Amino acid sequence: MNNSAKGKAQRLLKFGLALAIGTMGGATFNYFGLPLAWMLGSMCACTFASLLKVPVAPLPKVQPVITAVLGVLLGAGFTPDLILSMLDWLPSLVGLMIFTIVSAMIGPFYFRFVGRLDKPTAMLSAMPGGLVEMTTLGQENGADVTVIALVQASRILLVVVSVPYLIWLVTGIPVPYGIAASKASVFDVSTMTYLSLVFQMLTGMALGKVLRLPARSLLGPMLISGILHASGMSKLQPPGDLIVVAQLVLGTLVGSRFAGISPTLVLRILLLSAGYVFLFLLAAVFFAKVLANLYNYDVGPLLLSYAPGGVTEMSLIALSMQTDAAFVSGHHIIRMMIVVAFAGLILKYGNMNSRAAAASKSAQDDQCFDHADKGRETTSPSDSRTQRKNSP
């Protein structure tokens, strides 16, 4: 067995172990009736395993597949009535734009002065955008990519763990811990349904790649599925077991992202991120309450839409809670587009300022050297002899 094959086999074994630990965590949370048991249980179990240096690891190629499945399931909720009601989203989307920009402007100060991070790292750590997008921008701008990845992963972990309880606290409605999407089992679904699911996944992923969509593994399949369901060409209903599998795998992937990193650094970043998430969620509650009172929205979907979690994770929570999943996923996709564009502009402006400052300093230094050279040139040889003669 060559080194490449051996490395792949080791990654598979580590992910298999992570999945087994995640399954035990999900089963434990489910036994005690905790909200979103299979996602939160697997996530917490794999996070603790990572901190204890258990040899677990995520398998990056699995996430696009799970995300594509979720995209198809989210698109299944699109109906002609829902498309017409999207006009009602406008006030919430305007509020989301204001909320995201204000948060993106204030957040870097928290990481800069509380976390003592450098400017590019603080900026990209504060952005509630995709982990891949923020780390890519970090590589391009000389930021600490490891810290950015840890902060973004910690943000998603902490938000997913806290949002179900926050919704219960704010609305008084307990979050279901069981299967809320459909009571049907995967064994009750026809073969044609699975073929339709695979077709929509593959064509959606190809569409997302061709159009270079943000979160293309989610948005591409969601667009294809939404078009087919809105036109009545597909009537796919997600089996409850499939939602459980998606929760389990996604929770395992999020929790095992901390594997191989110093536990001290992970705990430090978790504590730092906890303060940021707390402030962010307070602001989300404020915006959700104001918009709910002004425009007669439900607070629960608004909180899920404004919470700084990942688009995939928040969409899965909405799907599991049987709330307006299209509303939630649509808001998070737009938020991510705003964040990526805003982060790029700020970093570009900051780099321009840095280059301008460096050029100004260089010009000042050159001017000083020019003055010194002119001073030396105006000193005649006789003056030099006089100075040497008069010197002790």
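Only a predicted model underlies this, so the values are computations on that prediction, with no experimental measurement involved.

Q: What should I look at first to understand the nonpolar core in this one?
A: Nonpolar side chains tend toward joint burial in soluble globular proteins. Core analysis: the biggest nonpolar cluster contains 89 residues, and F111, V160, L302, L303, L304, M314 and I317 have the highest contact counts within it. Ranked by size, the runner-up nonpolar core spans 12 residues in total, among them A143, V339, A343 and L347.

Q: Looking at this model, I keep getting lost on helix α13 (residues 299–306). Mind explaining?
A: Residues separated by three or four positions in an α-helix point in the same direction, a consequence of the helix having 3.6 residues per turn. Counting buried positions along α13 gives 8 out of 8 residues, so the element sits mostly inside the fold. Of the residues making up α13, those classed as buried are V299, G300, P301, L302, L303, L304, S305 and Y306.

Q: Which parts of the structure should I look at to understand the layout of surface pockets?
A: One simple way to see leftover space: roll a probe sized like a water molecule over the atoms. Each pocket or cavity is described by its volume, and for the largest pocket that value is around 990 Å³. Forming the boundary of the largest pocket are 36 residues, of which Q63, L131, V132, E133 and R257 lie nearest the centre. Those elements giving two or more residues to the lining of the largest pocket turn out to be α3 (62–75), α7 (131–140), α8 (145–171), α9 (191–211), α10 (216–230), α14 (311–321) and α15 (325–377). The element contributing the most residues to the lining of the largest pocket is α15, with 5 residues. Looking at side-chain class alone, the lining of the largest pocket contains 18 nonpolar, 10 polar and 8 charged residues.

Q: Even after reading the chapter, I still don't get unusual backbone geometry, so can you show me in this structure?
A: Trans is the common state for peptide bonds, and a negative phi is the common state for residues other than glycine. A positive phi is found at K53, a non-glycine position, where the angle reads about 65 degrees. Take K53: it is sitting in the loop between α2 (37–51) and α3.

Q: Help me understand the environment of V151 in this model?
A: Here V151 lies in helix α8. For the pair V151 and A126, spaced 25 residues apart in the sequence, the C-alpha separation amounts to 8.3 Å. Ignoring anything within four residues of it in the chain, the contact list for V151 reads F111, S125, I269 and S273.

Q: Looking at this structure, how should I read the packing of aromatic side chains?
A: Centre distance and the angle of the planes are the two values used to describe a pair of aromatic rings. Taken as a whole and assessed by the stated rule, the structure comprises 14 aromatic pairs. Aromatic side chains Y295 and Y297 sit 6.4 Å apart centroid to centroid with 50 degrees between the ring planes, which places their arrangement in the tilted category. Y297 sits in the buried class, given a relative accessible area of 15%. Three or more aromatic residues link up through ring pairs in this structure, and these residues are F99, Y110, F111, Y276, F280, F286, F287 and Y306.

Q: I keep staring at helix α5 (residues 90–113) and nothing clicks. Help me out?
A: Between the first and last C-alpha of α5 there are 35 Å, a value that for 24 residues agrees with the 34 Å anticipated at 1.5 Å per step. Remark: the principal bend of α5, roughly 25 degrees, maps to A104, with a proline, P108, within the next four residues. When α5 is considered as a whole, its buried residues turn out to be S92, L93, G95, L96, F99, T100, S103, A104, G107, P108, Y110 and F111.

Q: For this particular structure, what's the right way to read the environment of L202?
A: Secondary-structure assignment places L202 in helix α9. According to the relative accessible area criterion, L202 is exposed, its value standing at 55%. Between the alpha carbons of L202 and I224 there is a distance of 9.8 Å; along the sequence they are 22 residues apart.

Q: Even after reading the chapter, I still don't get the state of the cysteines, so can you show me in this structure?
A: Put plainly, two cysteines are in a disulfide when a covalent bond ties their sulfur atoms together. As enumerated under the stated definition, the model contains 0 disulfides in all. C44 forms no disulfide, and the closest cysteine sulfur to it belongs to C46, at a distance of 9.7 Å. Residue classification places C46 among the buried positions, given a relative accessible area of 0%.

Q: Whenever I open this one, the packing of α2 against helix α11 (residues 240–255) confuses me. Can you help?
A: Relative orientation and spacing of two packed helices are given, respectively, by the angle between their axes and the distance between those axes. Orientation of α2 relative to α11, taken along the N-to-C sense of each, is 25 degrees, at an axis distance of 7 Å. Here α2 lies roughly parallel to α11, going by the angle between them. The handedness of the crossing between α2 and α11 comes out as right-handed. Along the contact surface, α2 presents A37, W38, M39, S42, M43, C46, T47 and S50, while α11 presents V244, Q247, L248, L250, G251, T252, V254 and G255. Class assignment of the residues belonging to the contact of α2 with α11 gives a composition of 9 nonpolar, 7 polar and no charged.

Q: Would you explain a nonpolar patch on the surface in this entry?
A: A cluster of nonpolar side chains, namely L90, V94, I98, V102, M105 and I106, defines an oily patch on the protein surface of about 560 Å² accessible area. Turning to its location among the elements, I106 is positioned in helix α5. Look at I106 and you get exposed, because its relative accessible area is 55%.

Q: Help me understand the side chain of H332, please; the structure alone is not making it clear to me.
A: Of note, H332 is situated in helix α15. The exposure class of H332 is buried, given its relative accessible area of 0%. A polar contact of 2.7 Å, which involves the side chain of H332, links it to the side chain of R335. Not counting residues within four places of it along the chain, the set of residues in contact with H332 comprises L304, S305, A307, G309, V311 and M314.

Q: What's the story with the packing of α3 against α10 in this structure? I'm lost.
A: Running from amino to carboxyl end, α3 crosses α10 at an angle of 30 degrees, the nearest separation of the two axes being 7 Å. Here α3 lies roughly parallel to α10, going by the angle between them. Crossing angle aside, the handedness with which α3 passes α10 is right-handed. Packed against α3, whose contacting residues are P64, T67, A68, L70, G71, V72, L74 and G75, the element α10 presents S217, L218, P221, M222, S225, G226 and H229 at the interface. Here the contact of α3 with α10 is built from residues that sort into 8 nonpolar, 7 polar and no charged.

The rules we used
Residues numbered from 1 in each chain as written. Predicted model: local features only at pLDDT ≥ 70, side-chain atom pairs only at ≥ 80, totals over all residues. Heavy atoms only, no water. Core = buried A, V, L, I, M, F, W, Y, C linked by side-chain atoms within 4.5 Å. Buried < 20%, exposed > 50% of the residue type's maximum accessible area, 1.4 Å probe, protein only. Helix = DSSP H or I, 4+ residues; strand = E, 2+ residues; numbered from the N terminus. 1 Å grid on protein atoms, 1.4 Å probe; cavity = no way out; pocket = protein on both sides within 12 Å on 5 of 7 lines; lining within 4 Å. Points joined across faces, edges and corners; volume = space filled by probe spheres on them. Nonpolar A, V, L, I, M, F, W, Y, C, P; charged D, E, K, R; others polar. Contact = heavy atoms within 4.5 Å. Phe/Tyr/Trp six-rings, centres within 6.5 Å; stacked < 30°, edge-to-face > 60°. Expected span 1.5 Å × (residues − 1). Bend = angle between axes of the 7 residues up to and from the residue. Disulfide = S-S within 2.5 Å. Axes fitted to C-alpha atoms, helices over the stretch in contact; angles between N-to-C directions. Parallel < 35°, antiparallel > 145°, perpendicular 65-115°, else oblique. Left-handed = near helix turned anticlockwise from the far one by under 90°. Patch = residues over 30% accessible without salt bridge, like charges linked within 9 Å, V, L, I, M, F, W, Y side chains within 5 Å. Areas by Shrake-Rupley, 256 points an atom, 1.4 Å probe, with all protein chains shown as cover. Salt bridge = Lys/Arg side-chain N within 4 Å of Asp/Glu carboxyl O. Polar contact = N/O pair within 3.5 Å; in protein donor to acceptor, adjacent residues only side chain to side chain.

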